[in-house]
Structure formats: C-alpha cells, structure tokens
Amino acid sequence: MREVEMTVPHLFRCPISLDLFTDPVTLCTGQTYDRSSIEKWLAAGNLTCPVTMQKLHDPSLVPNHNLRHLIQQWRQMDHRFGPDYFTAIDPLVSLKHCLQSPQSTFQEKLEALQKIQLLTDQTPSTNPFLIQIGFLPLLLQLSFQMVDPEFSQDYMNFVEQGLACVLKLLPYGELESLNMLKQDSKLESLVVLFEHGSIMVKQSLCHLVGVISSSSSTRELCAMIGKHPRFLNLIVCIVNQNNEASETGIKAISALCCLESNRGKLVQQGLIDALVTYILNSERSLAAMAMAILEQVLGIERAKEALIKNPNGVKAVVKMVFRVSDHEGSESAVNSLMMVCRESLEAREKAIVAGVLTQLLLLLQSQCNGRTKTKATTLLKLL
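What you see is a predicted model, and the numbers here were worked out from it, not measured in a lab.

Q: What am I meant to see in the overall build of the chain here?
A: Looking only at helices and strands, one finds 22 helices and three strands in the chain. C-alpha extents for the chain along the principal axes are approximately 85 × 45 × 40 Å. Across the 383 residues of the chain, 50% fall into the buried class. Relative to all contacts within the chain whose residues are 6 or more apart in sequence, the contacts with residues 24 or more apart total 68%. Here the chain has roughly 17,900 Å² of accessible surface; of this, 53% comes from carbon and sulfur atoms.

Q: Before we go on, may I ask you to explain the side chain of serine 143 in this structure?
A: Note that serine 143 resides in helix α7 (residues 135-143). Serine 143 gets classed as buried once you look at its relative accessible area, which sits at 1%. Within polar-contact distance, the side chain of serine 143 engages the backbone oxygen of leucine 139 at 2.8 Å. Contacts of serine 143, omitting those with residues within four sequence positions, involve Val159, Gly162, Leu163 and Leu193.

Q: Looking at this structure, how should I read the side chain of asparagine 127?
A: Looking at the secondary structure, you find asparagine 127 in helix α6 (residues 127-132). Excluding its chain neighbours within four sequence positions, the residues that come into contact with asparagine 127 are Thr120, Lys168, Leu169 and Tyr172.

Q: Before we go on, may I ask you to explain the domain arrangement of the chain in this structure?
A: Interface size is commonly expressed as the accessible area that is lost once the parts come together. If you check the domain split of the chain, you get domain 1 (1-86) and domain 2 (92-173). Listed by partner, the interface residues are 14 residues for domain 1 and 12 residues for domain 2. Buried surface at the junction of domain 1 and domain 2, summed over both partners, amounts to about 1,100 Å²; 52% is from carbon and sulfur atoms. The three residues of domain 1 that bury the most area against domain 2 are Cys28, Gly30 and Asn66, which together make up 34% of that side's buried surface. Across the contact surface, domain 1 and domain 2 share zero salt bridges. Along the contact surface separating domain 1 from domain 2 lie two residue pairs in polar contact (both at pLDDT 80 or more).

Q: In this structure, what is going on with the packing of aromatic side chains? I would like to understand it.
A: Where two aromatic rings form a pair, the distance of their centres and the angle of their planes describe that pair. The tally for this structure, following the rule as stated, stands at three aromatic pairs. Measuring from ring centre to ring centre gives 5.5 Å for phenylalanine 106 and phenylalanine 158, while their planes differ by 40 degrees; the resulting arrangement is tilted. Placement of the pair is phenylalanine 106 in helix α5 (residues 106-122) and phenylalanine 158 in helix α8 (residues 153-169), with a sequence separation of 52 residues. Judged by relative accessible area, which is 38%, phenylalanine 106 ranks as partly exposed. Taking relative accessible area as the criterion, phenylalanine 158 reaches 5% and is therefore assigned buried.

Q: Could you clarify how one ought to interpret the sheet that holds strand β1 (residues 24-26) in this entry?
A: If you walk across this open sheet you meet the three strands as β2-β1-β3, and the pairing is antiparallel. Of all strands in the sheet, those with a lone pairing partner are β2 (32-34) and β3 (62-63), marking the two edges. The sheet strands contacting helix α2 (residues 35-43) are β1, β2 and β3, and the helix crosses β2 at an angle near 95 degrees.

Q: Can you walk me through the nonpolar core in this structure?
A: Counting residues in each nonpolar core, the largest one holds 121 residues, and the members touching the most others are Phe135 and Ile235. Ranked by the residues each element gives to this core, the list is headed by α8, at eight residues. There are two domains that each give this core at least three residues, and those are domain 1 (1-86) and domain 2 (92-173). If we skip the residues at most four places from it in the chain, isoleucine 235 touches Phe194, Cys206, Gly249, Ala252, Ile253, Leu256 and Leu266.

Q: Help me out: how do you make sense of unusual backbone geometry in this one?
A: Working note: non-glycine residues mostly have negative phi, and peptide bonds are mostly trans. The backbone of leucine 18 sits at a positive phi, close to 65 degrees, despite the residue not being glycine. Following the sequence through the fold, leucine 18 ends up in the loop between α1 (2-6) and β1. For leucine 18, a relative accessible area of 53% gives the class exposed. A positive phi angle, close to 50 degrees, is found at phenylalanine 151, a residue other than glycine.

Q: Would you mind going over the packing of helix α19 (residues 330-341) against helix α22 (residues 370-382) with me for this structure?
A: The description of two helices packed together rests on the angle between their axes and the distance between the axes. Here α19 crosses α22 at 30 degrees, and the two axes come no closer than 10 Å. Judged on the interaxial angle alone, α22 and α19 are roughly parallel. Regarding α19 and α22, the two cross each other, and that crossing is left-handed. Counting all contacts with α19, which are made through Ser330, Glu331, Val334, Asn335, Leu337, Met338 and Cys341, the residues of α22 involved are Arg371, Thr372, Lys375, Ala376, Thr378, Leu379 and Leu382. Considering only residue class, the contact of α19 with α22 consists of seven nonpolar, four polar and three charged.

Q: What should I look at first to understand the pattern of salt bridges in this one?
A: Per the counting criterion, the structure on display carries 10 salt bridges. Linking arginine 371 and glutamate 331 is a salt bridge whose minimum nitrogen-to-oxygen distance equals 2.6 Å. Of this pair, arginine 371 sits in helix α22 while glutamate 331 sits in helix α19, placing them 40 residues apart in sequence. Among the residues examined, glutamate 331 registers a relative accessible area of 17% and is labelled buried. Through salt bridges that share partners, Asp23, Arg35, Glu39 and Arg68 make up one connected network.

The rules behind each value
Residues numbered from 1 in each chain as written. Predicted model: local features only at pLDDT ≥ 70, side-chain atom pairs only at ≥ 80, totals over all residues. Heavy atoms only, no water. Helix = DSSP H or I, 4+ residues; strand = E, 2+ residues; numbered from the N terminus. Buried < 20%, exposed > 50% of the residue type's maximum accessible area, 1.4 Å probe, protein only. Contact = heavy atoms within 4.5 Å. Areas by Shrake-Rupley, 256 points an atom, 1.4 Å probe, with all protein chains shown as cover. Polar contact = N/O pair within 3.5 Å; in protein donor to acceptor, adjacent residues only side chain to side chain. Domains from an automatic or database assignment. Buried area = accessible area lost by both parts, 1.4 Å probe. Salt bridge = Lys/Arg side-chain N within 4 Å of Asp/Glu carboxyl O. Phe/Tyr/Trp six-rings, centres within 6.5 Å; stacked < 30°, edge-to-face > 60°. Pairing = 2+ DSSP bridges. Axes fitted to C-alpha atoms, helices over the stretch in contact; angles between N-to-C directions. Core = buried A, V, L, I, M, F, W, Y, C linked by side-chain atoms within 4.5 Å. Parallel < 35°, antiparallel > 145°, perpendicular 65-115°, else oblique. Left-handed = near helix turned anticlockwise from the far one by under 90°. Nonpolar A, V, L, I, M, F, W, Y, C, P; charged D, E, K, R; others polar.

Have a look at this one:
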C-alpha cells in the first residue's frame, strides 16, 4: 500500500488530506481540493483558500471533470503515465504557483502570464493540461480582481493576456467558472475594464459576453449583465465606433438578446439609433446581423417608436431589403418594415420616400427564397 501511495503524482493529491482525489473540485482561486476536505474546511468557518490563503469572495465549488478523468486514465494504466506527461505538466505547475504566490512580484506574474499566452497560442495541446490544474478560474480571478485605477501599460498588458488565455481555455473547461463574475466586485471590474480598457480588452470582453450568453449554466449571469445599465450603454456605444471592437460589440449584443428581458434594457440604452448608424455604413460586414437584432427587438413598442423617430431609421431598413451583393438580411428587413408600417402611416410614408417600392420589386425579381418573396408581396400590398 505504501508503494502505491508513493507513486501518486503530486497533482493527483488533495492539498488538505494529501490523499488521492476522489471528487476534485476547484475554488475561485484556481486551487483544486477533494470535495469532502474543502467542505470540512469551509464548514469550520474558514473563509480562505487553504493553499493561497486568499479570501474567498465566492465559495462555489466547481467540479474538475478534466482532472477526475485524468485520474481515471492513470488508474486504468496501472498508476503509470509516460515521461512526456510530467515533462509537460511540471513547468505549468510552476507557472501557476508563480501567479498564485503573494511573494511573486507583478513583473514576475506578468512574465508567467506571457509564457502561458505563448503556450495557448503556439501549443494548443497544452490547453487540457492547463484546465486540469485549475488555470481557468485562476486567470478569471486575476483578470477581474481589483482594477488598477491608473490603468498603467503593464496592468493593461496583464489584463489583455489574461483575457486572451481565458478565451483560449474556455472551450476545454467548465463554463461554471464564469459564474464568479456574479460577485458585485467582479461585475464592477468587468464594467470598468470595458469603459477604460484597450481595444483588445473590449474585444475580449465582448467575446466573453458571447460565451456567457450561450450557455444555460451561465444564464443567470447573462441576466445580471442585462440589468447593468452602465455596461449596456457602453456596449451600445461601442457599436458606433469605427474600429475593430464595433463588430465584436454587435456579436455581443446579438448574444445578450437571447434573453427577452435584456432586449428592452438595450433599447432603453439607445440600441435602435446605434443599429441604424451601423447598418447605414455600407462597409460594415455584420449589417445583416445588426438587421436581425433590429427585427428581434421591434416587438417592443418603444423600439418601433425609436426607429420611426430616427430620421434615418426607416431608410436604413429599406436599404437592407435588397442588396446587390447578397440577400442576407432581406427577410429581416421585410419583416421589420411590416412591423412598423402596419400601424404607422408615418412609417409607410418614410418607406416610400426611401424607395421601398423599387427595392421590393428588385427583391421579387432576384434569387431570394420563396418565403421572403411571399413576405415582400404582402408588404407591397400593405403599402
């Protein structure tokens, strides 16, 4: 029995009991423990991570399925792994220790993070190893901890690299880790970073919002983000910026609209005007997605009013009815016009002035699908 214990890799031992993991769970600090051991620790009134001694703002225990699977593989291989495994894993454990240690300087942590980003970019095969040893919650914790009020270049580099690594690891990890952002301090950090961060940080945060909105395990967090007016205002404003972040902003808004409750909140923050401006810029590659979002929110009366009130609102939708390059967005445009024109004489007049009759006739003569042609014919009769 003693011989078997000696062969247990350090990575597979609970830091509290020193026994082989049976039910590994990961804390928000990125440290993994056996469930029974950490539950006893917390039940005793301890509010810190036993290894790092960091205060636990979120005591959630996220099952580490990757590590459990790895231990099962190790057992099936008669407690043996090839030398390549430990050659790969040992340097990663050292990097994790550097990021966790209070004794590490900021520069040392920045250098460790740079090495991790290099690994995730150039050696994707290491990503499962990074997940197994708890890098995902650790990187989230580091990226959204107390924000540097001076926003120094080193700090911004740290956040950029941290978020880039998080996005690379998310496809391999447990999305439940993202729920640490439900903490007030973490959610506020997300908003502040979006407000003052670099273009790269804004893009990464938009991608992160997309991931959060796509999973049922983070649906509550998606709703919490939708209740944050400052963040919604920032993400709506970014759509009108003529830079790389505007397209990721459109994608993030599209993702947030998966919840009906978020749509009304986005409309309140000026979404309609932002979408109109985006669509009118013919160079924007996601005009069809913006049109689909517009169609989705026009079920809200306030959204209809905002579209009609905008001097270019109906004109922007008419523009999307027929485009020489493709028919993407045509059906959404026709549906949107039907919604606003059915009960508004002003909308019908604006549509006719904007050339909707010509656009519809061109659409009917095109190779668009039958459903779109049927709706276009109905709209023509309505006008």
